Amino acid sequence: MAATREAVAPAGAPGRAAEPPRRRLRSAWLVLPALVFVLVPVVALAVKAPWSRAAAALSDSGAWTALRVSLEVTLGAVAISLVVAMPAAWALARTDFPGRRLVRAFIVLPIVLPPVVAGVALLATFGRLGLVGGLMERAHIHLVFTTAGAAVATAFVSAPFLVLALESGFRSIDPRFEDAGRSLGASRWYVFRRVTLPQLRPALAAGLVLTWARALGEFGATITFAGNFRGTTQTLPLAVYQALQTDPGAAYVVSLLMLVASVAVLVAVGGRLLVR
Amino acid sequence: MTEPAEPALRAEILVPRADFDVRIRLDVEAGRTVALLGPNGAGKSTTVSALAGLEPLRDGSVVLDDVALEDVAAGVRLPAERRPVGIVFQDLLLFPHLTALENAAFPLRARGASKQEARARAGELLERLGVAHRARAKPDALSGGEAQRVALARALVHEPRLLLLDEPLSALDVRSRGEIRRLLRELLSGFPGVRLMITHDPVEAMTLADRLVLVEAGRVTQEGTPDEILRAPRTTYAAELVGVNLFAGRLERQEDGSGVIRMPAGDVVVAWPADASGDVDGAVGLLRPADVALFREAPAGSARNVIAGRVESLTRESDRVRVRIASHPPVVAEITAASSTRLGLHEGGEIHAAFKAVEVSVLLPD
């Protein structure tokens, strides 16, 4: 018995020995429903797009402007998320305090919250009559109906993804490396920069991609809180929504543009992290 | 100019733990290596953490070279990064994203040295430790022995006053263990500060330390030279340590390149130690009882030492059985209770003890 197994085992692949054996090819058709479900709409988009006037449709619908706004808004949102998520993730992973689980639940609440609710909640906070809106008005900080506001709304719904990714990243780093660093004469800050952060890099990259992808698709909170103004708050999804009401063909083209961007993200960074 | 003050460690620590409080008093004079020896979970690692400042004391003080690193009564507590300490951790904890050279340079960089200066000094030390050719390798590409050398370099590069070694040989296989043990003895004898190692392995302790401090359940139960403890063990644990097989005699080189320790009671074949220049009197071989295998018939395996004798005594301790064999030389073996039953061991019965030459650690006279 043992001899047969040895003869069958592929030579020269010792590293894969631990992986459980895959089932036979025969059952592979089971992936078809999911594949068709995703692929058919994607193909339909390409088929229905008015290719002959694609360039005109893009400029008429304000897609290039929306692309610029989307880049500004998503990069801003990712930056805000990073500033908020990094310390929170570290504290959640490395410390233990009463109510930690409750705090964590609140921090990730926006993941399950309907985005439109998030938008309304932000209005109640930063709106002219909102909780801190008056204060901010006096300080000449304007968020409602501005690009910065769109970034804040987007960060509100996407930052929790970064918190989760970074928390699990911190957890996967043995805290004794940090002890070792300090015992060798490094301050906490030096240890964080030179010991913890480099080891966090894969989790950070995955988290940033995930957060950015979520930010790129953000619709509900943005349109509720920041409105839909071409050139300032109209991001790509908002442009698609508007085009759909006047020129569906243009909506298809802009959607394809976003599809290409998503695939590019998946291939460039996500492929390595999500595909196995 | 006066001579620099003799380095010395005086520590009296109380660290609370879930199972018991660790309450240990240590005095280590300059130029000596002290081993904290005790079973797993006795509080040895807690002691190292406390001395390094990674775990706060509830009470007591740590004084190094007449400077208080920590003194609870006086409210003094130097953070870990400001203590002149170098640690070799049990599982090394080399930073996985840094090369061997960057790891060794870390303590200097952390103290603000320039990149060039730090790398130059770390490179020199790696050279001295014989791993300069691996300077650009990441830790996961290093062999056990190489990684150990890099960890030693990282612990020594900033010239600490207190060197802490946590189970320095436990991660190594038998072959590199002998090599690193020799390297350690050399390094330790040349290190001017206070040397403290912790281990659960009596052979490791006796081959590297001048003085042993036995720790059980957070307390020091006995201290003294290996000799003193071997002669008069005061606790069950100490008595078990005495059970280490000790072969003292003349070391002679054999034609096949191995060595043999000749004693009036019989001979033991050993691996020829790399630091031995020729035949020598007063060599000591140490062998763990757990490394001795027992057979009813003379075994045909590769063990160079097969010694026949009668079972003199059987001592059972939970699921292990210590077997004292009246043979030439006498040998103590430690086997599982299941094996004891399978072998049908009884006092007075005939038995063959077998062990490999490389499993005998050889100490040469100084």
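Residues numbered from 1 in each chain as written. Chains lettered and ligands numbered in written order. Predicted model: local features only at pLDDT ≥ 70, side-chain atom pairs only at ≥ 80, totals over all residues.

1. Let's talk about the overall build of chain B
Item 1. Regarding its fold elements, chain B presents nine helices and 21 strands.
Item 2. For chain B, the C-alpha radius of gyration of 22 Å lies close to 21 Å, the compact-globule estimate for 366 residues.
Item 3. Dimensions along the principal axes, computed over C-alpha positions, put chain B at roughly 65 × 45 × 40 Å.
Item 4. For chain B, the proportion of its 366 residues judged to be buried stands at 43%.
Item 5. Summarising the internal contacts of chain B: among those between residues at least 6 apart in sequence, 65% fall at separations of at least 24. (Helix = DSSP H or I, 4+ residues; strand = E, 2+ residues; numbered from the N terminus. Rg over C-alpha atoms; globule rule 2.2 N^0.38 Å. Buried ≥ 20, exposed ≤ 12 C-beta atoms within 10 Å, placed from the backbone. Contact = placed C-beta atoms within 7 Å.)

2. Structural notes on the overall build of chain A
Item 1. A tally of helices and strands in chain A yields 14 helices and zero strands.
Item 2. Of the regular secondary structure in chain A, the N- to C-terminal order runs α-α-α-α-α-α-α-α-α-α-α-α-α-α.
Item 3. When each of the 276 residues of chain A is scored for burial, the buried share is 34%.
Item 4. If you take every contact in chain A between residues at least 6 apart in sequence, the share linking residues at least 24 apart comes to 78%.

3. Topic: the confidence of the model for chain A
Item 1. Taken over all residues, the pLDDT of chain A has a mean of 86, while the share at 70 or more is 88%.
Item 2. Confidence drops under a pLDDT of 50 for residues 1–17 of chain A, and excluding neighbours within four residues, the segment shows zero contacts in the predicted structure. (pLDDT = per-residue confidence, 0-100.)

4. Here's the deal with the pairing of strand S14 (residues 266–270) of chain B
A regular strand places its side chains so that they alternate between the two faces of the sheet.
All names here are of chain B.
Item 1. Pairing analysis gives five bridges linking strand S13 (residues 259–263) to S14, with the strands arranged antiparallel. Its bridge partner lying in S14, Gly259 is registered against Val270.
Item 2. Hairpin connection from S13 to S14: two residues lie between these consecutive antiparallel strands. (Pairing = 2+ DSSP bridges.)

5. Comments concerning the interface of chain B and chain A
Item 1. With 17 residues of chain B at the interface, the matching set in chain A holds 14 residues.
Item 2. Here the side of chain B that touches chain A gets three residues from one element, more than from any other, and that element is helix H2 (residues 100–110) of chain B.
Item 3. Considered class by class, the residues forming the side of chain B that touches chain A number 12 nonpolar, two polar and three charged. (Nonpolar A, V, L, I, M, F, W, Y, C, P; charged D, E, K, R; others polar.)

6. Remarks on the packing of helix H7 (residues 115–126) of chain A against helix H9 (residues 147–171) of chain A
Residue and element names in this part refer to chain A.
Item 1. At a minimum axis distance of 10 Å, the contact between H7 and H9 shows a crossing angle of 130 degrees. Classed by the angle they form, the pair H7 and H9 counts as oblique. At the point where H7 passes H9, the crossing takes the right-handed sense. Facing Pro115, Ala118, Gly119 and Leu122 of H7, the residues of H9 in contact are Val152, Ala153, Phe156 and Val157.
Item 2. Classifying every residue of the contact of H7 with H9 by side-chain character gives seven nonpolar, one polar and no charged. (Axes fitted to C-alpha atoms, helices over the stretch in contact; angles between N-to-C directions. Parallel < 35°, antiparallel > 145°, perpendicular 65-115°, else oblique. Left-handed = near helix turned anticlockwise from the far one by under 90°.)

7. Observations regarding the nonpolar core
Item 1. Counting 112 residues, the largest nonpolar core has Ala35(B), Ala104(B), Ala122(B), Leu126(B), Ala153(B), Leu164(B) and Ala353(B) as the members making the most contacts within it.
Item 2. Excluding residues within four positions of it along the chain, Leu126(B) makes contact with Ala100(B), Leu101(B), Ala104(B), Val131(B), Ala132(B), Ala135(B) and Ala153(B).
Item 3. Grouped together as the second largest cluster of nonpolar side chains are 57 residues, Leu143(A), Leu200(A), Val254(A) and Met258(A) included. (Core = buried A, V, L, I, M, F, W, Y, C linked by C-beta atoms within 7 Å.)

8. Quick word on the packing of H2(B) against helix H3 (residues 115–128) of chain B
All names here are of chain B.
Item 1. Between H2 and H3, whose axes approach to 8 Å, the crossing angle comes to 125 degrees. What the angle tells us is that H2 and H3 run oblique. Considering how the two elements wind past one another, H2 and H3 form a crossing that is right-handed. Of H3, the residues touching H2 (which contributes Ala100, Leu101, Ala104, Ala105, Leu108 and Arg109) are Ala118, Arg119, Arg121, Ala122, Gly123, Leu125 and Leu126.
Item 2. Of the residues contributing to the contact of H2 with H3, the split by class is nine nonpolar, one polar and three charged.

9. With respect to the sheet that holds strand S9 (residues 194–199) of chain B
All names here are of chain B.
Item 1. What the six strands build is an open sheet, ordered S7-S8-S9-S3-S10-S11; its pairing is mixed. The sheet terminates laterally at strand S7 (85–88) and strand S11 (219–224), the two strands that pair on one side only. When the angles between neighbouring strand axes are averaged without regard to direction, this sheet yields 20 degrees.
Item 2. Bridge analysis of strand S8 (residues 162–166) against S9 gives five bridges, and the strand direction is parallel. By the bridge assignment for S9, Leu163 is matched with Arg195.

10. Some points on helix H11 (residues 188–216) of chain A
Along an α-helix, residues three or four positions apart point the same way, because every turn accommodates 3.6 residues.
Item 1. Its 29 residues give H11(A) an end-to-end C-alpha distance of only 35 Å, which falls more than 12% under 42 Å, the value for a rise of 1.5 Å per residue.
Item 2. Of all bends in H11(A), the biggest is about 55 degrees, found at Arg201(A), and the proline Pro202(A) comes one to four residues later. (Expected span 1.5 Å × (residues − 1). Bend = angle between axes of the 7 residues up to and from the residue.)

11. Observations concerning the pairing of strand S17 (residues 305–317) of chain B
All names here are of chain B.
Item 1. Two strands pair when backbone bridges link them, and S17 and strand S20 (residues 350–355) are joined in this way by six bridges, in the antiparallel orientation. Its bridge partner being in S20, Val306 is matched across the sheet by Ala354.
Item 2. With eight bridges connecting them, S17 and strand S18 (residues 320–327) associate as antiparallel partners. When the sheet's bridge partners are listed, Glu317 is paired in S18 with Arg320.
Item 3. Linking S17 back to S18 in an antiparallel pair, the connection comprises two residues, with Ser318 at a positive phi of about 45 degrees.

12. A short note on the sheet that holds strand S4 (residues 59–64) of chain B
Item 1. Within the open sheet, the five strands sit side by side as S2-S1-S4-S5-S6 (chain B). Their pairing is antiparallel. The open sheet has two edge strands with one neighbour each: strand S2 (22–28) and strand S6 (76–77) of chain B.

13. Let's talk about the confidence of the model for chain B
All names here are of chain B.
Item 1. Mean pLDDT over chain B works out to 88, with 98% of the residues at or above the 70 mark.
Item 2. Considering each helix and strand of chain B separately, the mean pLDDT is smallest for helix H8 (residues 236–242), with a value of 75, and largest for H2, with 96.
Item 3. With pTM at 0.74, the complex prediction returns an ipTM value of 0.73.

14. Focus on the environment of Trp51(A)
Residue and element names in this part refer to chain A.
Item 1. The topology assignment puts Trp51 in the loop between helix H2 (32–48) and helix H3 (54–60).
Item 2. The class for Trp51 is partly exposed, based on 14 C-beta atoms found within 10 Å.
Item 3. Residues Trp51 and Ala250, spaced 199 residues apart in sequence, show a C-alpha to C-alpha distance of 9.8 Å.

15. Thoughts on the environment of Met86(A)
Residues and elements named next belong to chain A.
Item 1. Residue position: Met86 is located in helix H4 (residues 63–94).
Item 2. Assessed through the 19 C-beta atoms surrounding it within 10 Å, Met86 is described here as partly exposed.
Item 3. Along the sequence, Met86 and Thr222 sit 136 residues apart, while their C-alpha atoms lie 23 Å from each other.

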